[in-house]
Amino acid sequence: MSTPLNNRVYALCDANSFYASCEKVFRPDLKETPVVVLSNNDGCVVAQSKEAKAMLDLWMCRPWFEIEEEAKKLGVVAFSSNYELYANMSNRFMTTLRQFAPRQEVYSIDESFLDLTGINRDLVAYGKVIRETVLQWTGLPICVGMGSTKTLAKLANHCAKKQPHMNGVCDFTSMSQTEVDAMMQKLPVSKVWGIGNKLEAKLNKVGVNDVLRLKRADPKRIRDEFGVLLERTVKELNGESWLELDETLAESKQVMSSRSFGTRVSSLQELEEAVSFHASNASARLRKQGLYANAVYVFIQNSPFDKAQFYAASHTVAMPSPTDNTMQINKVALWILKKLYKEGIYYQKAGVMLMELVPSLGQQSDLFGFTLGGSRSAKLMDTLDSINQKYSKGTIKLASEGVRKVWVMKRGMKSPNYTGDWSELPHIG
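My aim in this report is to walk through the structure given alongside it, one point at a time. Model, not experiment: these values are computed from the prediction.

Let's talk about helix H5 (residues 123-138)
Residue pairs three or four apart in sequence face the same way in an α-helix, which turns once every 3.6 residues. With 16 residues, H5 extends 22 Å between its outermost C-alpha atoms, agreeing within 8% with the 22 Å of an ideal straight helix rising 1.5 Å per residue. What H5 keeps buried is the set Leu-123, Tyr-126, Gly-127, Ile-130, Thr-133, Val-134 and Thr-138. Burial along H5 is one-sided: seen end-on, the buried residues are contained in an arc of 125°. Among the exposed residues of H5, those oriented more than 90 degrees off its buried face are Glu-132 and Gln-136. Considering only its buried residues, H5 is in contact with strand S1 (10-15), helix H1 (18-25), helix H4 (83-97), strand S6 (111-115), strand S7 (142-147) and strand S8 (169-171). The backbone nitrogen of Val-124 lies 3.0 Å from a side-chain oxygen of the residue at the head of H5, namely Asp-122.

Okay, here's the thing in C-alpha cells:
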C-alpha cells in the first residue's frame, strides 16, 4: 500500500568514484591526480577518479594493456583492485551514516538510504553536515540526494553529482514542483532508477524520452505495456512511496567464491589448492551469515579465447545433511574436482558455490555424524574464524590450500591494506 504524498523523506548517500576515492584517502599526494582502478588480474578499467573521467571517460571497461601507454603519458596512476581496503572503508562509511537517521538501508558497497522523516530542520544544511562528517571521519567525498520516495532520492543524488552549484546536496522536498519538473525535463529517462538500455529504447519508441515525460505518463498504460514495476516507478516519481526502506539483509540463496587465475594452471595439485581456497572462503562467508549448505557446486574452465578447444565442466553434490564445516565442504569439493579434471588443459578459472542454504539455528544433527561432531565442529569453526578475524584472513587455513599459490589472482599494482593489516599501516615521517 502506498503512503500519502509528501509524508516521507528519504536520502540517498553515495560515495563518489568509490574505489578510486578509497585509494586516494591514504595517498594525499594523489589528491588532484587522475586515478584508475583495474579489474581482476589487472584486466580492464573498472573505476575512475573525477580527474580520470575528464580525460579517459571513453576508456571505461577498456583493457588496460591497450591504453596503459597513453594513460601514463597523461599522468594517470593505476591500482589493482584492493577488495579488502574497499570493504573496510565501506563499513566505516555506513557506520558514520548510521548516526544521522533512525533507519538505514545499506543498498550497496558505496550507497545507503536514510529515512529522514520527521527531522525538523533545514535538510539541505543537514545534508551538508552529513557530507562534511563523512569526509572528516573517512576521507570519502559523497553526494546526498533527498526526495519523498526512494526513486526521487536516487534521482536527486544524480543531480547533486552533476550540478556543481548544489555543492553535493540536492533536496527535491525543498523545491517547488516547477523547479523539480524543469530538472526532470533535462534528464534522459535512463537516469531513473531501474531503467536500463533496453527499457529506455522501448520507452523512447513511445515518445518517453526524458524523466518528466515518464512522470506524466498514464500509470495504467505504463502497466499494460511495461508491467507493474514501471507503473510503481511512475508513481514514485509523482511522490507516492511504494518502495519501503529495507533494514534487513536478504538471506542468501547461495554463496560463491571464484576468481580467474593470475597464471594458467594445468596440474591437479594446483587446481586442488585453488578449489580448497574457494571452499574455505565460501564456508567462512556461510558461517558469517548463520547458514548451512545442503549442496556443493564446483566448476573449472579454460579461457574461451584460447587456441585450444574450450573446456568447461561443473558438478553438484547433495550432502547427507546441511553443514557449515570447512573441512567437510572442502572434502566434497575436492572429490568433485577429481571427477571434472582433465589433463592437458590450461585452466583459467575455478570456483565453489554452496547451495540449498538453510538457517543454522534449529538444524537437527544427523545420525551418522556427517557434521563432524555437532557442537565440537561449531567450536572448531568459531575458533578458526575468530583467529582469522583477529589477525588476518588466511592465518589459519587448510593444508590443501598450499603455500606457493601460483594460481592466485594477479594484482601487481595493489595498494597496501591500510585498514586491515598491522604490517601495512601507513608510515609518517
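Still more to cover.
A look at the environment of Arg-223
Here Arg-223 lies in helix H10 (residues 219-226). Given a relative accessible area of 44%, Arg-223 falls into the partly exposed group. Residues Arg-223 and Ser-148 lie 75 residues apart in sequence; the distance between their C-alpha atoms is 22 Å. Side chain to side chain, Arg-223 and Glu-231 meet in a polar contact 3.2 Å long.

Structural notes on the pairing of strand S5 (residues 103-108)
Of the pairings in the sheet, the one linking S5 to S6 comprises five bridges and is antiparallel in character. Bridge pairing in S6 places Ser-108 opposite Glu-111. Connecting S5 to the next strand, S6, in antiparallel fashion are two residues.

Quick look at the sheet that holds S8
Read from one edge to the other, the open sheet built from five strands follows the order S5-S6-S1-S7-S8, with strand pairing classed as mixed. The two strands at the open ends of the sheet, each matched to only one other strand, are S5 and S8. Shown here is a sheet whose adjacent strand axes are inclined to one another by a mean of 15°, direction ignored. Along the sheet face, H5 touches S1, S6, S7 and S8 and points at about 155° away from the line of S7.

Focus on the packing of helix H6 (residues 150-162) against helix H11 (residues 228-237)
Geometry of a packed helix pair, given as the angle between the helix axes and the separation of the axes. Look at H6 against H11: their axes get within 7 Å of each other, and the N-to-C directions meet at 70°. In terms of axis orientation, H6 runs roughly perpendicular to H11. Our pair here, H6 against H11, has a crossing hand that is right-handed. Counting all contacts with H6, which are made through Lys-150, Thr-151, Leu-152 and Leu-155, the residues of H11 involved are Thr-233, Glu-236 and Leu-237. Here the residues of the contact of H6 with H11 are counted per class, giving three nonpolar, two polar and two charged.

Some remarks on the sheet that holds strand S4 (residues 77-79)
A sheet is described by the order of its strands in space; here three strands give the open sequence S3-S2-S4, paired in mixed fashion. Each edge of the open sheet is held by one strand with a lone partner, namely strand S3 (45-48) and S4. Averaged over neighbouring strand pairs, the angle between their axes works out to 30° when direction is ignored. With three bridges joining them, strand S2 (residues 35-38) and S3 adopt antiparallel strand pairing. Note on S3: the bridge partner recorded for Leu-38 is Val-45.

Here we look at the pairing of S1
Across the six residues that make up S1, a large majority, six, are buried. Burial of the side chains of S1 extends over both faces: Tyr-10, Leu-12 and Asp-14 are buried on one face and Ala-11, Cys-13 and Ala-15 on the other. Looking at chain direction, S1 and S7 are connected through six bridges and run antiparallel. Residue pairing in the sheet places Cys-13 in a bridge with Val-144 of S7.

Describing the pattern of salt bridges
For the coordinates displayed, the defined rule picks out 17 salt bridges. A salt bridge links Asp-181 to Lys-215; the shortest N-O distance between them is 2.7 Å. In this pair, Asp-181 sits in helix H7 (residues 177-185) while Lys-215 sits in helix H9 (residues 211-215), placing the two residues 34 residues apart along the sequence. Each of the two residues, Asp-181 as well as Lys-215, counts as buried. With a closest N to O distance of 3.2 Å, Arg-223 and Glu-231 form a salt bridge. It is possible to trace a salt-bridge network through shared partners that takes in Arg-8, Arg-103 and Asp-115.

Thresholds, definitions, all that
Here the residue numbering is sequential within each chain, running from 1 through the sequence in written order. Given that the model is predicted, a residue must reach a pLDDT of at least 70 before its local features are reported, and side-chain atom pairs must reach 80 or more before they are shown or counted; all residues, however, enter totals for whole chains, interfaces and linings. Neither water nor hydrogens contribute to the side-chain values; these are computed over all heavy atoms in the structure. Numbered from the N terminus, helices here are DSSP runs of H or I no shorter than four residues, and strands are runs of E no shorter than two. A helix's residues, less one, multiplied by 1.5 Å, set its expected span. Type-normalised accessible area, obtained with a 1.4 Å probe on protein chains alone, sets the label of each residue: buried when under 20%, exposed when over 50%, and partly exposed for intermediate values. The arc in question is the one spanned by the directions pointing from the helix axis to the C-beta atoms. Every residue pair with non-hydrogen atoms within 4.5 Å of one another is taken to be in contact. For the purposes of these results, a polar contact is taken to be a pair of N or O atoms within 3.5 Å, where, inside protein, one atom must be able to donate a hydrogen and its partner to accept one; residues adjacent in sequence count only when each atom of the pair is a side-chain atom. At least two DSSP bridges between two strands are needed for those strands to be called paired. With axes taken as lines fitted to C-alpha atoms, and helix axes fitted only over the stretch in contact, angles between N-to-C directions fall between 0 and 180 degrees. By definition in this entry, angles of less than 35 degrees are roughly parallel, angles greater than 145 are roughly antiparallel, angles of 65 to 115 are roughly perpendicular, and the rest are oblique. By convention the crossing between two helices is left-handed if the near helix lies anticlockwise of the far one by an angle smaller than a right angle, and right-handed if it lies clockwise. In the scheme used here, Gly and all other residues not listed as nonpolar or charged are polar, with Ala, Val, Leu, Ile, Met, Phe, Trp, Tyr, Cys and Pro taken as nonpolar and Asp, Glu, Lys and Arg as charged. Take a side-chain nitrogen of Lys or Arg and a carboxyl oxygen of Asp or Glu: if they are within 4 Å of each other, that pair is a salt bridge.

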